[in-house]
Amino acid sequence: MKKIVSLMLIMMLVLVGCGKKQQGDLKKLTFVLDYTPNTNHTGIYVAKELGYLAEEGIELDIVQPPADGAPVLVASGKAQLGVDYQDTIAAAYAQDEPLPVTNVAALVQHNTSGIVSLKGNGMDRPKGMEGKKYATWGMDVEQAMIKNVVEKDGGDFSKVKLVPLNYSDIFTGLGNDIDAVWIFYGWDGIAAKVKNVDVDYFAFKDINPVFDYYTPTIIANNEFLKEDPETVKAFLRAIKKGYEYSIENPKEAAEILLKDNPELDKDMVIASQEYLKDEYISDAKKWGYFDSARWNNFYAWLFENGLIEKEIPADFGYSNEYLPD
């Protein structure tokens, strides 16, 4: 009997030792967000909390972006992976020496951004922005997109009054100095519902399909992709499971995001998660997938309209090869 007990103790010590060794062998990766944590990122927090990343041998450090954004940190190698957007990274690709990062997964399949205004102000369609004050970020691509949708709707963009966006709370601004502002519906559109603010909204992609670009995305350092592709694939397998869990269990996923980020408004997060569960994969063939035509059409539009200095080659800047089936 003593021999059996001793043998069992030895086996337990071996198993514990193996567990510690496996834990110590986890590959440490740094992942930089594009902004403060929100429901675009839920699947990443879920994958970490529920052990999906650990199962793939990965320990993930999620960090806030520097002032110049996630791409610079990822390109420098100080973070292996991060979050960005197809539109804002375009200028960094339209160079003789493009920024050495690649988009490896789409976090949301369709562009959910558009223009919001208080209900009844006549801006439920782009033409209604004539004579109204639009709060701009001052970006050329942004204003060119506004011009395009206004004119496609038969409006005169020169009559839109551009004013600087000076509000962190857009609803305070809409009630005072501005009439319209660009939002992502999955966050600020849902916030309007939670706050019982009646608004009008139109999405850019519904006016011009070329604006159905990818935002946000996961980007990866090119040298990291070259040197350790298997870790990238393992990372994306875990993240895919995190987003699939978030789709099937939106409330529980929201609670996980809130656990790591208790400063977020609970009602807002739960409502936003319920909306985004249908947007993560949507009509794509699989999670994270990039459609070649949609990717290329947007970059072609940027070049044709003089918004980038150099033409971006077809299919440059993204890859589907690291995505799990």
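In this convention, every chain numbers its residues from 1, walking through the sequence in written order. Confidence filtering applies because this is a predicted model: local features only for residues at pLDDT of at least 70, side-chain atom pairs given and counted only at 80 or more, and all residues used for totals across whole chains, interfaces and linings. Hydrogen atoms and water are omitted, and side-chain values are computed over all heavy atoms in the structure.

J.: Is there a simple way to explain the nonpolar core in this structure?
T.: The nonpolar side chains of soluble globular proteins are, as a tendency, buried together. For the purposes of this section, nonpolar cores are sets of buried Ala, Val, Leu, Ile, Met, Phe, Trp, Tyr and Cys residues that join through side-chain atoms within 4.5 Å. Think of it in three bands: with a 1.4 Å probe and only protein chains considered, a residue is buried below 20% of the maximum accessible area for its type, exposed above 50%, and partly exposed in between. Membership of the largest hydrophobic core comes to 42 residues, with the highest contact counts inside it found for I115, M129, M145, I146 and Y299. Helical segments are the DSSP runs of H or I of at least four residues, strand segments are the runs of E of at least two, and each set is numbered from the N terminus. Within the residue set of this core, elements represented by two or more residues are α4 (70-76), α5 (90-93), β4 (101-106), α6 (140-152), β8 (180-184) and α14 (292-304). The leading source of residues in this core is α6, at six residues. Domain start and stop points were drawn from an automatic or database domain assignment. Looking at which domains feed residues into this core, each of domain 1 (27-108 + 214-305) and domain 2 (113-211) gives three or more. Those residues in contact with M129, other than ones at most four positions away along the chain, are I115, M123, Y134, I146, V150, K159, V160, A180 and F202. Counting residues in hydrophobic clusters, the runner-up holds 41 residues, among them F31, I62, V232 and L276. The contact criterion used throughout is that any non-hydrogen atoms of two residues lie within 4.5 Å.

J.: Would you take a moment to explain the sheet that holds strand β3 (residues 81-84) for this structure?
T.: Taken together, five strands build an open sheet; the order of strands is β2-β1-β3-β10-β4 and the sheet is mixed. Edge positions in the sheet fall to β2 (58-63) and β4, since each has one partner strand and no second. The sheet shows a mean angle of 30 degrees between the axes of neighbouring strands, direction not considered. Only strands joined by at least two bridges in the DSSP assignment are considered to pair. As a rule, the C-alpha atoms of each element are fitted with a line to give its axis, helices using only the stretch in contact, and angles between N-to-C directions run from 0 to 180 degrees.

J.: Before we go on, may I ask you to explain the layout of surface pockets in this structure?
T.: If a probe the size of a water molecule is rolled over the atoms, the empty space left behind becomes visible. Using protein atoms alone on a 1 Å grid, points that fit a 1.4 Å probe yet trap it form a cavity, whereas open point sets bounded by protein on both sides within 12 Å along at least five of seven lines form a pocket; residues with an atom within 4 Å of a point count as lining. Grid points are joined across faces, edges and corners, and a volume is the space filled by probe spheres set on the points. Size it by volume and the largest pocket reaches roughly 1,400 Å³. Forming the boundary of the largest pocket are 44 residues, of which Y35, W137, F184, W187 and D188 lie nearest the centre. It is helix α8 (residues 185-194) that provides the largest number of residues to the lining of the largest pocket, a total of five residues. A breakdown of the residues in the lining of the largest pocket according to their chemical character gives 27 nonpolar, nine polar and eight charged. Here the lining of the largest pocket spans two domains, and each of domain 1 (27-108 + 214-305) and domain 2 (113-211) adds at least three residues to it. In this classification, Asp, Glu, Lys and Arg are treated as charged, Ala, Val, Leu, Ile, Met, Phe, Trp, Tyr, Cys and Pro as nonpolar, and every other residue, Gly included, as polar.

J.: Before we go on, may I ask you to explain the side chain of T42 in this structure?
T.: As for its placement among the helices and strands, T42 is situated in helix α2 (residues 42-49). Beyond its immediate stretch of four places on either side in the chain, T42 contacts Y243, S246, A253, L257, Q273 and Y280.

J.: Any chance you could explain the domain arrangement of the protein here in plain terms?
T.: Bring the parts together and some accessible area is lost; that lost area is often taken as the interface size. What the domain assignment lists for the protein is domain 1 (27-108 + 214-305) and domain 2 (113-211). For domain 1 versus domain 2, the distance between C-alpha centres works out to 26 Å. Listed by partner, the interface residues are 14 residues for domain 1 and 14 residues for domain 2. Two parts lose some accessible area (1.4 Å probe) when they are put together, and adding that loss for both gives the buried area. Of the roughly 1,300 Å² buried between domain 1 and domain 2, counting both surfaces, carbon and sulfur atoms make up 84%. Its largest share of buried area at the contact with domain 2, domain 1 owes to M268, Y275 and W301, together 46% of the area lost on that side.

J.: How do you make sense of the sheet that holds strand β9 (residues 199-203) when you look at a structure like this?
T.: As a general point, the strands of a sheet are linked pairwise by backbone hydrogen bonds and lie either parallel or antiparallel. Spatially, five strands are ordered β7-β6-β8-β5-β9 in an open sheet, and the strand pairing comes out mixed. The outermost strands of the open sheet, each flanked by one partner alone, are β7 (161-164) and β9. The average undirected angle you get between the axes of adjacent strands in this sheet is 40 degrees. Here strand β6 (residues 133-136) runs beside β7; their pairing, made up of four bridges, is parallel. Note that in β7 the partner of A135 across the bridge is V163. Across the sheet, α6 touches β5 (113-118), β6, β7, β8 and β9, and the angle it forms with β6 is around 150 degrees.

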